[in-house]
Structures are given as structure tokens and as C-alpha cells.
Amino acid sequence: MLEGYNVDRLTIATLASHSSLQIVHGAKKEGFETLLVVTEDRAWFYEQFDHLIDHLVRIGKWRELCSERVVRTLRDHNAILVPHGSFVEYVGLDCVTGIRVPIFGLRSLLVVEADQHAKIELLRRSGIPVPRSFPPGSEIGGPVIVKLPGAKGGRGYFVATSWREVVERLEEAVKRGELDDVGRVIVQEYLVGVTAYVHYFYSPVLDRLEVTGADIRYESDVDGLRRMPARILVELGLEPTFTVVGNVPLVLRESLLPTVYEYGMRFVRVTKELLPPGIIGPFCLEGVIDRDARMRVFEFSGRIVAGTNLYLDGSPYSYLYWDEPMSVGRRIAREIRLALERGVLERVLT
Ligand code: AMP
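**Brief notes about the sheet that holds strand β2 (residues 33–39)**
Read from one edge of the open sheet, 4 strands run β3-β2-β1-β4, paired in parallel fashion. Looking at the sheet topology across the chains shown, the edges are occupied by β3 (55–59) and β4 (79–81). Going across the sheet, the axis of each strand differs from the next one's by a mean of 25°, ignoring polarity. In terms of strand pairing, strand β1 (residues 11–15) meets β2 through 5 bridges, oriented parallel. By the bridge assignment, A13 is partnered in β2 with L35. Lying on the sheet, helix α2 (residues 40–47) is in contact with β2 and β3; it crosses β2 at an angle near 145°.

**Looking at the sheet that holds strand β6 (residues 158–160)**
Read from one edge of the open sheet, 3 strands run β6-β5-β7, paired in antiparallel fashion. Of all strands in the sheet, those bounded by a partner on one side alone are β6 and β7 (186–189). On average, each strand axis in the sheet is inclined to that of its neighbour by 30°, with strand direction left out of account. Relative to β6, strand β5 (residues 144–147) runs antiparallel, the two being bridged by 3 bridges. If you follow V146 over to β6, its bridge partner there is F158. In the packing of helix α8 (residues 163–175) onto the sheet, the strands contacted are β5, β6 and β7, and the crossing angle to β6 comes to about 150°.

**Side note on a nonpolar patch on the surface**
Where nonpolar side chains cluster on the molecular surface, the patch consists of M228, L236 and L238 and spans about 260 Å² of accessible area. Examined against the element boundaries, M228 turns out to sit in the loop between β9 (208–221) and α9 (230–236). We classify M228 as partly exposed; its relative accessible area is 31%.

**Quick word on helix α10 (residues 257–274)**
For α10, which comprises 18 residues, the first-to-last C-alpha distance of 26 Å matches the rise-based estimate of 26 Å (1.5 Å per residue) to within 8%. Of all the residues in α10, the buried ones are V260, Y263, G264, F267, V268, V270 and T271. Burial along α10 is one-sided: seen end-on, the buried residues are contained in an arc of 165°. Seen from the open side of α10, the exposed residues pointing more than 90 degrees away from its buried face are P258 and E273.

Parameters and conventions
Residues numbered from 1 in each chain as written. Predicted model: local features only at pLDDT ≥ 70, side-chain atom pairs only at ≥ 80, totals over all residues. Heavy atoms only, no water. Pairing = 2+ DSSP bridges. Helix = DSSP H or I, 4+ residues; strand = E, 2+ residues; numbered from the N terminus. Axes fitted to C-alpha atoms, helices over the stretch in contact; angles between N-to-C directions. Contact = heavy atoms within 4.5 Å. Patch = residues over 30% accessible without salt bridge, like charges linked within 9 Å, V, L, I, M, F, W, Y side chains within 5 Å. Areas by Shrake-Rupley, 256 points an atom, 1.4 Å probe, with all protein chains shown as cover. Salt bridge = Lys/Arg side-chain N within 4 Å of Asp/Glu carboxyl O. Buried < 20%, exposed > 50% of the residue type's maximum accessible area, 1.4 Å probe, protein only. Expected span 1.5 Å × (residues − 1). Arc of directions from axis to C-beta.

As C-alpha cells, then:
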């Protein structure tokens, strides 16, 4: 992929969305050129950041990222693509896996990330505690969360307490045309506790795992409903949704850190074993911590998460490693720079 590249003039590139401003901000701090691929409708907004963005490549639709013109432009700029949360969703899996531009991160993990079943299976194999899953007809002891395939950002999830309720609601979803493959639905133990999204960075260059931050997603309207008296909620029969609206910073109790770190190590290990060369750079483990301070993980992201946007100036954790402002965007650029200096650039690209 690096054939024809001038590695002394690399450009850090991504799609103008999600955490792209953080990524280009960090790239500039580490002395790289930057490029954003942007759709026409949002170009005006990103133009305001021309001090951070050296090249804006305009497209009509996100899928054009993989067009010959855009790929050629990226390669002409010696671009390294940084995937984020909007990547697979906007441009599609085939484009992300096939694009002939080097990616900072583990491509094969993005494929796993797109499949909820494969995702939970990878977590299970890592030995990280996960919520129980209920195969059809099995005994449900308490509340379950039902995850429909393709439900984006928690929209379309529902909570139930019996199979009868689950089946009824799924039949309704099929009738409304929102669900065509009932077999892909996940029925999972609803975890009671506080949600925590822990951000990590695995450095193949330093062979080191760093905890870079943590956040809580603020979700509408499961987080908003607590403002409503319970009596009225029952009267209205309101069903909460889990649509992410924003992120709130979280600093974990220090006594939780060894557990959280151990989970991160397990994740690094399982990806090295099953998806060589293993995770590269940022990832996130997303779970619930209960009253006994046990954490169970229901989800992961195998790339930078939007919650890192909270820490543009570094997080309470990143200071422990770097003692200087270090966002995850900048950490990515630093890793590329370290890899370049040590002549091991291929270790951080797939
Ligand atoms: P996800 O799409 O898996 O990130 O889930 C979206 C949201 O649903 C999460 O941020 C949580 O608020 C909630 N959620 C997902 N899985 C569970 C679970 N097993 N127990 C409780 N809440 C969950």
C-alpha cells in the first residue's frame, strides 16, 4: 500500500465527521499535513478550520471516498486514513475493507465491529465478562435489552421482561418493515448499574497499552426520563430509546483501574491471536459497572470513539503517560511519528 509513497511527506486524512477535528488538530501538533474528505453540504462548516485542514476534498456522497478520483488524490498526498465511528456507517464495509489507501488501525476489526454477534463473540473469547445472551425460548429471569440488527446508536432497542413481550414487539417491528431477519436479533441481559465507556490506545511501536480516558454517553431519552415523575411515566407507558446525544466525562475510582486495564489487555491479546497483527491504536470497551464494582462489557469499538472529543487537551489519564496535552487524535499522529522514526511504519498500518 505504501508503494509510491513519500513517507517523509505523509498526510493524515479522514472523513469530515465524528472526531475528525480532533484528528486533524492532533496531526498538526505532530507536524503532519492534513486532509479531510467532506460532502458538499458540510464543506462550509469545515472551511472555518482551514488552519487545521490543509486539503479539503469535496464529494457528493460519502461512498465516493472509494472512487478512483478520491483514492488517487489520497495517494498523491501520501495519505494515511484514520477510521472513526462514521466510517463504516457512511461509506460501507466493502469500501473500508477494500480501499487501496493505508489505514491506521486494524481493518479486519472493522468487519467484526459491523456484526453484533461477531462482536460479542470476540469479547467472550477474550475472557472479558459480558452480559448473558438468551437463545429463543430460554428462561428469562429479569429484564432483557433487545437489540435489532442495524439499529443505529441504540435507536430501536427495547427492554422487556418476558419472551411473550419480546416476540410481540418483534412481530410489530417486522410488520412495520423495520426488521427482516429475526435470527439476527440479540436478546441480552439488561445490566443494572452505571454505564462506562473506557478509552484505550494500544501502541505496537512501544508495545504498551494506555488508558486514555473514559466517558458516559448521554442518551435520549433514557437519560432524560429520570426528570419525569415515575407515576407519569407509567401513565404514559413511555418507552425509552438509547439515541446518543453527547458525551459526559468520567473519571473512574482508582481501585477500578487495574480491572479496567486487565480487560484492555485481554482485548489486545484476543485480537493479536484471532485477528493478527492485532489491534493498532485506539479502541473502547463499553459496559456497565454494578453495585459490587463489577464491570461487564456489552460492546466495543475498534477505533477512535466520539467520547475522546472531550479530551482535546489531554485527559487525567493521558497526563500520566505523556505529561503534556495528548488527545487521542494527537496520540495517533504521535504513534505514526514514532513508527517513522524507528523505521517500523508498517507496524501501525493495515
Ligand atoms: P450499544 O448500541 O450496544 O452501544 O447500546 C446503546 C445503549 O444501550 C448503551 O449505551 C446502553 O445505554 C444501552 N445498553 C446496551 N446494552 C446494554 C445492556 N446489556 N444492559 C444495559 N444497557 C445496555
